[in-house]
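Summary of structural features
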Amino acid sequence: MSPALILQVAIGGILMGLLYAVVAAGLTLIFGLMNVVNFAHGALLMAAMYATWLIHRSTGLDPLLQLPLVAALLFGTGVAIYRVLIARTLQIRVNGAMVQIFTTFGLSIFLVGLAQLVFGSDFQSINASFLGGRTLAFGAVVLPLPLVASGVVSLLVFLALFRLSRTEFGRALEATREDFEAVALIGVDRDRIFGIGWGIGAAAVGIAGVLLANFYYISPDVGTNFALIAYVAVALGGFGSILGALIAGLVIGLTEALTALVVDPSLKQIGIFLIYLAVLMFRPRGLFGKL
Amino acid sequence: MVERAGRALLSRRRRELLLGAVVLALLAALPLGVSGAYLRGLIVLALLYAGLSQAWNILGGYCGQISLGHALYFGIGAYTSALLFTRAGLSPFIGMFAGGLLSGLSAFLVGIPCFRLSGHYYAIATIVIGMMAALLASNWDFINAAQGITIPFHGEAWRNLQFRTAVLPFHYVMLVYAALMWLIAWVIEGSRWGFYWRAVKDDVTAARSLGVSIYPSKLAAAAISGAATGIGGALYAQYVGFIDPESAFDLSLSVLIALPAVVGGIGTLWGPLLGAAVLIPVQQLSVAWFGSAAGGIDLMVYGALIMVLALSRPEGLVSFFHGRARQEAVDHG
């Protein structure tokens, strides 16, 4: 194993980790706001990937240019999910947490079924994109360009999320999370804030989906694995912490790449799971968990 | 006053037991009214999931620890029994005992780190451990990795728990399993442990201040629940004749094990049976009706049903009956 190869794998892992982190950020944002774990998160990623594929196929619009479009689509989807399903679960007094878990699980199964019905079970991929097939070389380290671009955009997403927390709206989010009954007294509409929170969370997954569609196959259950990694990232970083999601995503991406290189590609997730379990031994609420 | 409350409780428990016996008799007679291998097979599966979900309910319902990794215990039970049967020729009745023991032990071991976690952290940890097991199982050549194990036919006999022709014997096997699980839950409801667990579920701090030792309580619930699930896994392997990591360890199985209890009424005696009676037929029939022609509709029906039931009946399907019972109590003064 040459040092260049190890470096290349490590950088690739970090770039992939940034993408994982964006998926996890959407999840942790929603959780931090209202204590709800979205088990349909993987299905939203899948939906975003199919949307990208469909738009690319019918209009030829390059995935990169679709970023705002698909993000907006997913934002709307997130708001709709909140309005139709989640707002109802918040009314429920008995077994509320249970209802949230299984409602979002049900939604996930429904969406995967819908994708199977509309697109079939065959794998799809976007072949003729602007970035597709190109590489970026630094000496002996060669990286696929779609992966590099996805890392850069992911970083931008995190910059935006960190900035968001300092805006007026970010403060309203924070206040709603702290005490939604008190903010109602000063005229903040809880449903509006929560709905927008779901919108932003889904939009983050939407962006990840577009980036991923550039270099990854698309199938009805493509989201399952990414969602699983996102749950691990959120639990590892601490539920509700955006910074935690970023750090955990990076740790996971790097661990996964190195496990695949050193142990075996088919066991690459074992490394992630072991690190996760080890961290939870010492920090049951993750690295940055407050709750 | 206390005495009267105690007597009321006792008579309620006796009534439950009586109702249980009536339902058991009805279910035992059910094959008389249902002909056709397909429908009977459907009932066999529903009974199996009623039992599995009741096993889950011991930990998830009565003790309030929402495990989304019970496929692990199902898989360990199924694989242990199948391996002992195919490689050592041991009867599945020994196999299910060994499998139950192993899965109970694993549930105990999984509980040691996981019960330090709370709420969503616990649920996620169980998912991760379950998926880890699935991954290892599909890479472990000793157990045939992703290929799975086909259980050869060793001759129609109860000893082998194999029957060539009819589904009927399995109807009674699964019925006994579901009935035993129900009985365990009934015993737990009236036992000291049952009170401990409900106390742990309702209010950890209050339970602790009353002297309930939380951690050992949870471990005990996990071990019983895991062992009971493992036995169900062994029965499944023998009934279907084939297991692989996807059918025995997957997350979707963990969800399917938990769902009947959730839909029927979590932490209740009748919830798992009611939930399985609704969910399993809908799921299986939609696969049969839409499965091949228009793939995906079956999943949409299944997913929509879960959403509708969870949202419209948060207390589970049993609340239909409770509503009436309460009304009757009011009517009678």
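The structure we're discussing is the one just above.
Within each chain, residues carry numbers counting from 1 in the order of the written sequence. Lettering of chains starts at A and numbering of ligands starts at 1, both following the order in which they are written. Note on the predicted model: pLDDT of at least 70 is required for a residue's local features to be given, and 80 or more for side-chain atom pairs to be given and counted; whole-chain, interface and lining totals, by contrast, use all residues. Side-chain descriptors were evaluated using all non-hydrogen atoms of the structure, hydrogens and water having been removed beforehand.

Some words on the interface of chain A and chain B
Our working rule: Residues count as neighbours in contact if any of their non-hydrogen atoms are within 4.5 Å of one another. Summed over both partners, the accessible area lost on bringing two parts together, with a 1.4 Å probe, is the buried area. We define a salt bridge as a side-chain nitrogen of Lys or Arg found within 4 Å of a carboxyl oxygen belonging to Asp or Glu. A 3.5 Å cut-off defines polar contacts: any pair of N or O atoms within that distance qualifies, except that in protein one atom must be a possible hydrogen donor and the other a possible acceptor, and neighbouring residues in sequence count only when both atoms are side-chain atoms. Helical segments are the DSSP runs of H or I of at least four residues, strand segments are the runs of E of at least two, and each set is numbered from the N terminus.
Listed per partner, the contact involves 45 residues of chain A and 38 residues of chain B. The junction of chain A with chain B conceals about 3,900 Å² of combined surface from both sides, 82% of it contributed by carbon and sulfur atoms. Counting across the interface, chain A meets chain B through zero salt bridges. Counting the contacts that link chain A with chain B gives nine residue pairs in polar contact (both at pLDDT 80 or more). At the level of elements, α3 (63-91), α4 (96-119), α9 (222-237) and α11 (268-282) of chain A are the ones that each hand at least two residues to the side of chain A that touches chain B. Sorting elements by how many residues they give to the side of chain A that touches chain B places α4(A) first, with 15 residues.

Brief notes about the packing of aromatic side chains
The following threshold applies: Working definition: rings of Phe, Tyr and Trp (its six-membered ring) pair if their centres are within 6.5 Å, and the pair is stacked with planes under 30 degrees apart, edge-to-face with planes over 60 apart, and tilted otherwise. Buried means the residue's accessible area, taken with a 1.4 Å probe over protein chains only, is under 20% of the maximum for its type, while exposed means over 50%, and partly exposed covers the values in between. Ring-over charges, as used throughout, are those where CZ of Arg or NZ of Lys falls within 6 Å of the ring centre and within 35 degrees of the ring normal.
In the structure shown here, the tally under the stated rule is 21 aromatic pairs over all chains. Between the aromatic rings of Tyr79(B) and Phe249(B), the centroid separation amounts to 5.6 Å while the plane-to-plane angle is 25°, which identifies the pairing as stacked. Highlighted residues: Tyr79(B) in helix α3 (residues 71-88) and Phe249(B) in helix α10 (residues 245-249), separated in sequence by 170 residues. Of the two residues, Tyr79(B) and Phe249(B), neither departs from the other in class, the shared state being buried. Three or more aromatic residues link up through ring pairs in this structure, and these residues are Tyr20(A), Phe123(A), Tyr216(A), Tyr217(A) and Phe226(A). One Lys or Arg, Arg13(B), reaches over the ring of Trp186(B) and ends 3.9 Å from the middle of that ring.

Section: the pattern of salt bridges
One pass over the full model with this rule turns up two salt bridges over all chains. A salt bridge links Glu168(A) to Arg171(A), with the nearest nitrogen and oxygen atoms 3.5 Å apart. Here the residue Glu168(A) and the residue Arg171(A) both occupy positions in helix α6 (residues 168-178), the gap between them amounting to three residues, near one helical turn. For the pair Glu168(A) and Arg171(A), one class covers both residues: exposed. The partner of Arg12(B) in a salt bridge is Glu16(B), and the shortest N-O contact between them spans 3.7 Å. In this pair, Arg12(B) and Glu16(B) are both assigned in helix α1 (residues 2-33), four residues apart and thus about one turn of the helix distant.

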